[in-house]
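Chain by chain, the residues:
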Amino acid sequence: MVAKRNDRGRAGPAVAGGRRAPLSLLVVIAVGGAAGACLRRGASLLWPTPAEAFPWTTLGVNLAGCAAIGVLMAVISVRHGVQRHGVHPLVRPFLGVGVLGGFTTFSAYAVEARGLVTAGRAGFALAYLGGTVLGALVAVSAATAVTRQLGEIRQAVREEAG
């Protein structure tokens, strides 16, 4: 396989559409992912889940991460031209894909659900599986709506102030 060249003539990993991602994009995503994973690990050390217990920490991490994704996406969608507002274009992949992608966790979610089933707590496992999905959707939707509302209020106050 021949490596394709990016817009600067350097080879790089492929992304959607057959293009190459610049190295800086991959680096900020990796650094953000490491930071997010460290935050998640910190939460699990602060609030450990005993074996066979309901995994409240992972549920909380995933819901908090989804809420943060909702806030981030609301802010980004309001600011259409991110560069124009003085925000570097790598902030979004760093925070959204890297930090929040590393912070939220599907692997622990799946392993903990399987552990509940193995421990004979299938009802808890089902509640955990369904509750996480439903809670994640509610968290991202509510955070997006609240952030947009706050943005509209802020804009109205600015316009009123002159």
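Every value quoted in this text rests on a predicted model; they were computed, and no experiment measured them.

Engineer: Looking at this model, I keep getting lost on the overall build of the protein. Mind explaining?
Structural biologist: Of the regular secondary structure elements, the protein holds five helices and zero strands. Its helices and strands in sequence order give the protein the pattern α-α-α-α-α, from N to C terminus. Relative to its 162 residues, the protein shows a buried fraction of 26%. The contacts of the protein with a sequence gap of at least 6 include a subset with a gap of at least 24, amounting to 61%. Looking at the protein as shown, the accessible area adds up to about 10500 Å², and 67% of this sits on carbon and sulfur atoms.

Engineer: How do you make sense of the side chain of Thr147 when you look at a structure like this?
Structural biologist: Positionally, Thr147 belongs in helix H5 (residues 122-161). Under the relative-accessibility criterion, Thr147 is labelled buried at 18%. Those residues within four positions of Thr147 in sequence are excluded, and the remaining contacts are Val71, Ala74 and Val75.

Engineer: How should the packing of aromatic side chains be read in this particular structure?
Structural biologist: By the definition in use, this model includes five aromatic pairs. Plain terms: the ring middles of Phe54 and Trp56 are 4.4 Å apart, the flat faces sit at 50° to each other, and that makes the pair tilted. Phe54 sits in the buried class, given a relative accessible area of 15%. Among the aromatic residues, ring-to-ring pairing joins Phe54, Trp56, Phe106, Tyr109, Phe124 and Tyr128 into one connected group.

Engineer: In this structure, what is going on with the packing of helix H1 (residues 23-46) against helix H3 (residues 91-103)? I would like to understand it.
Structural biologist: For any two helices packed against each other, the geometry comes down to the angle between their axes and how far apart the axes lie. Running from N to C, H1 and H3 cross one another at 35°; their axes reach a closest spacing of 6 Å. Note on packing geometry: the crossing formed by H1 with H3 is right-handed. Between H1 and H3, the contacting residues are Leu25, Val28, Ile29, Val31, Gly32, Gly33, Ala35, Gly36, Ala37, Leu39 and Arg40 on the first element and Pro93, Phe94, Val97, Gly98, Val99, Gly102 and Phe103 on the second. Classifying every residue of the contact of H1 with H3 gives twelve nonpolar, five polar and one charged.

Engineer: Please clarify how the packing of helix H4 (residues 106-118) against H5 should be interpreted in this entry.
Structural biologist: Axis separation between H4 and H5 bottoms out at 7 Å; the angle between their running directions is 155°. The angle between the axes of H4 and H5 places the two elements in the roughly antiparallel class. Where H4 crosses over H5, the handedness of that crossing is left-handed. Contact residues: H4 offers Ala108, Tyr109, Glu112, Ala113, Leu116 and Val117, while H5 offers Ala122, Phe124, Ala125, Tyr128, Leu129, Thr132 and Val133. Taken together, the residues that form the contact of H4 with H5 break down as eleven nonpolar, one polar and one charged.

Engineer: Please clarify how the nonpolar core should be interpreted in this entry.
Structural biologist: The nonpolar side chains of soluble globular proteins are, as a tendency, buried together. Phe54, Leu59, Tyr109, Ala113, Leu116, Ala125 and Tyr128 form the largest nonpolar core, which has seven residues in total. Among the elements of the structure, H4 and H5 are those that each provide at least two residues to this core. Excluding anything up to four places from it in sequence, Tyr128 contacts Phe54, Pro55, Thr58, Leu59, Ala108, Tyr109, Glu112, Ala113 and Leu116.

Cut-off values and rules
- Positions within a chain are numbered from 1, following the residues in the order the chain's sequence is written.
- Whole-chain, interface and lining totals are the exception, using all residues; otherwise, since this is a predicted model, local features are given only for residues with pLDDT of at least 70 and side-chain atom pairs are given and counted only at 80 or more.
- As a rule here, side-chain values come from all non-hydrogen atoms in the structure, and water together with hydrogens is ignored.
- Only DSSP runs of H or I reaching four residues or more are called helices, and only runs of E reaching two or more are called strands; each is numbered from the N terminus.
- With a 1.4 Å probe rolled over the protein chains alone, any residue whose accessible area is under 20% of its type maximum counts as buried; one over 50% counts as exposed, and the rest are partly exposed.
- Every residue pair with non-hydrogen atoms within 4.5 Å of one another is taken to be in contact.
- Accessibility throughout is a Shrake-Rupley quantity obtained with a 1.4 Å probe, and a residue counts as covered only by protein chains that appear here.
- Classification of ring pairs rests on two measures: the distance between centres of Phe, Tyr or Trp rings, Trp counted by its six-membered ring, which must be within 6.5 Å, and the angle between planes, read as stacked under 30 degrees, edge-to-face over 60 and tilted in between.
- Fitted lines through C-alpha atoms give the axes, limited to the stretch in contact for helices. The angle between two N-to-C directions lies from 0 to 180 degrees.
- By convention the crossing between two helices is left-handed if the near helix lies anticlockwise of the far one by an angle smaller than a right angle, and right-handed if it lies clockwise.
- Under the convention adopted here, Pro, Cys and the residues Ala, Val, Leu, Ile, Met, Phe, Trp and Tyr are nonpolar, Asp, Glu, Lys and Arg are charged, and Gly plus all remaining residues are polar.
- Reported orientations rely on four angle classes, namely roughly parallel under 35 degrees, roughly antiparallel over 145, roughly perpendicular from 65 to 115, and oblique for the rest.
- Residues belong to one nonpolar core when they are buried, are Ala, Val, Leu, Ile, Met, Phe, Trp, Tyr or Cys, and are joined through side-chain atoms within 4.5 Å.

Keep in mind these values describe shape, not function.
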